[in-house]
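What follows is each chain in one-letter form.
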Amino acid sequence: MKNILKISFLSAVFILTVMSQGCSQNTSSEIYSTKTGAIKGYDPVAYFTEGRPVKGSDTFTFEWKGATWRFSSGENLAAFKADPAKYAPQYGGYCAYGVADGHKASITPEAFTILNGKLYLNYNKDIQDIWNKDQQGYIQTANKKWETVKKE
């Protein structure tokens, strides 16, 4: 019973927080981006090569799908340029749990999962805990909803 209440509470907090964040990001964009860039300025390639979030640099940037992507090295920038779809997070970098729930939500760069060679980001560590309980189910649902959600 406590787990159900905790999940319900976290889901309500998540939805209310997302609804109140309209000013901090452009949710009409296909790519989650803030003033610091896609993934809040973190290097998408580093998630794969270092297994952790690494802040990107203003020295190594690339414009892709209307967002500025930042990288921690020239090598990571070159890898992304060669195959952006390989390194870009799923669902445009929006929270994967949020997309499964039918809406766009911001992310915390530290709340990430690499599964089957794809990067998934979550709103925060609490939401990631929920996501981790049924990743495949949430991915299947998010994949079905993404075409509609990304247009909102």
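About the thresholds
Residues numbered from 1 in each chain as written. Predicted model: local features only at pLDDT ≥ 70, side-chain atom pairs only at ≥ 80, totals over all residues. Heavy atoms only, no water. Phe/Tyr/Trp six-rings, centres within 6.5 Å; stacked < 30°, edge-to-face > 60°. Helix = DSSP H or I, 4+ residues; strand = E, 2+ residues; numbered from the N terminus. Buried < 20%, exposed > 50% of the residue type's maximum accessible area, 1.4 Å probe, protein only. Arc of directions from axis to C-beta. Polar contact = N/O pair within 3.5 Å; in protein donor to acceptor, adjacent residues only side chain to side chain. Core = buried A, V, L, I, M, F, W, Y, C linked by side-chain atoms within 4.5 Å. Contact = heavy atoms within 4.5 Å.

Sorry, what's going on with the packing of aromatic side chains here?
For any pair of aromatic rings, the description consists of the separation of the ring centres together with the inter-plane angle of the planes. According to the stated counting rule, one finds 14 aromatic pairs in the structure shown. Plain terms: the ring middles of Y94 and W146 are 6.2 Å apart, the flat faces sit at 45 degrees to each other, and that makes the pair tilted. Residue Y94 is found in the loop between α4 (84-87) and α5 (96-100), and its partner W146 is found in helix α7 (residues 135-149); the two are separated by 52 residues along the sequence. One aromatic cluster in this structure is built from Y32, Y91, Y94, Y97, Y120, W131, Y138 and W146.

Would you mind going over helix α6 (residues 125-132) with me for this structure?
Each turn of an α-helix holds 3.6 residues, which means side chains three or four residues apart point in the same direction. All of the buried residues along α6 are I127, Q128, I130 and W131. The buried residues of α6 occupy one face: seen down the axis, they fall within an arc of 160 degrees. Between the side-chain oxygen of the N-cap and the backbone nitrogen of D126 there are 3.0 Å, and the N-cap of α6 in question is N124.

Honestly, the nonpolar core in this entry has me stumped. Any pointers?
The nonpolar side chains of a soluble globular protein tend to be buried with one another. I39, W69, F80 and Y91 are the most contacted members of the largest nonpolar core, which has 37 residues in total. Residue assignment for this core shows that the elements contributing at least two residues are α2 (44-49), β4 (67-71), α3 (74-82), α5, β5 (112-115), β6 (118-121), α6 and α7. With near-sequence residues (within four places) excluded, F80 lies in contact with P44, V45, F62, W64, W69, F71, Y87 and A88.

In this structure, what is going on with the environment of A88? I would like to understand it.
Relative to the helices and strands, A88 resides in the loop between α4 and α5. Along the chain, A88 and I39 lie 49 residues apart, while their C-alpha atoms are 9.3 Å from each other. Residues contacting A88, with those up to four places away along its chain left out, are W64, W69 and F80.

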